[in-house]
Amino acid sequence: GNIDFIIEYPSAISNSKIDQNAEQVFSYLIKGANDYNLGHIMCKETPSNIQFIQSINETLSCLYNTEYFSNIFYLEVDEHSQMDFYRYYSEVFNTK
């Protein structure tokens, strides 16, 4: 089907099956929007869920400084944002 407009991150459009050459695609910044968003896992606070979240946090903390982990996200960033990605990643995850 056809769409008249969509509010989406640039990487979602770049990685989509939208034929960007079929018609002119315009992109506008949304005032106050961050370049990237962090995701969070939420669940009911129970002893087993607390242990589960702690386990995830420990695992992720070990991965933040690995090239393998950062490259997983880098591959999803649209080409116009790639130069800023590693700077932002290192700020957020306190990497070197």
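Residues numbered from 1 in each chain as written. Predicted model: local features only at pLDDT ≥ 70, side-chain atom pairs only at ≥ 80, totals over all residues. Heavy atoms only, no water.

S.K.: For the overall build of the chain, give the residues involved together with the corresponding values.
M.R.: Summing up its helical and strand segments, the chain has 4 helices and 0 strands in all. Within the chain, the proportion of its 96 residues that are buried is 10%. For the chain, the proportion of contacts with a sequence separation of at least 24, taken over those separated by at least 6, is 52%. Summed over its atoms, the accessible surface of the chain is roughly 8800 Å², and 54% of this surface lies on carbon and sulfur atoms. (Helix = DSSP H or I, 4+ residues; strand = E, 2+ residues; numbered from the N terminus. Buried < 20%, exposed > 50% of the residue type's maximum accessible area, 1.4 Å probe, protein only. Contact = heavy atoms within 4.5 Å. Areas by Shrake-Rupley, 256 points an atom, 1.4 Å probe, with all protein chains shown as cover.)

S.K.: Tell me about the packing of helix H3 (residues 67–74) against helix H4 (residues 82–93), and name the residues and values.
M.R.: Running from amino to carboxyl end, H3 crosses H4 at an angle of 135 degrees, the nearest separation of the two axes being 11 Å. Taken together, the axes of H3 and H4 lie oblique to each other. As for the relative orientation of H3 and H4, their crossing is right-handed in sense. Contacts from Phe69, Ser70, Asn71, Phe73 and Tyr74 of H3 reach H4 at Gln82, Phe85, Tyr86 and Tyr89. Grouping the constituent residues of the contact of H3 with H4 by class yields 6 nonpolar, 3 polar and no charged. (Axes fitted to C-alpha atoms, helices over the stretch in contact; angles between N-to-C directions. Parallel < 35°, antiparallel > 145°, perpendicular 65-115°, else oblique. Left-handed = near helix turned anticlockwise from the far one by under 90°. Nonpolar A, V, L, I, M, F, W, Y, C, P; charged D, E, K, R; others polar.)

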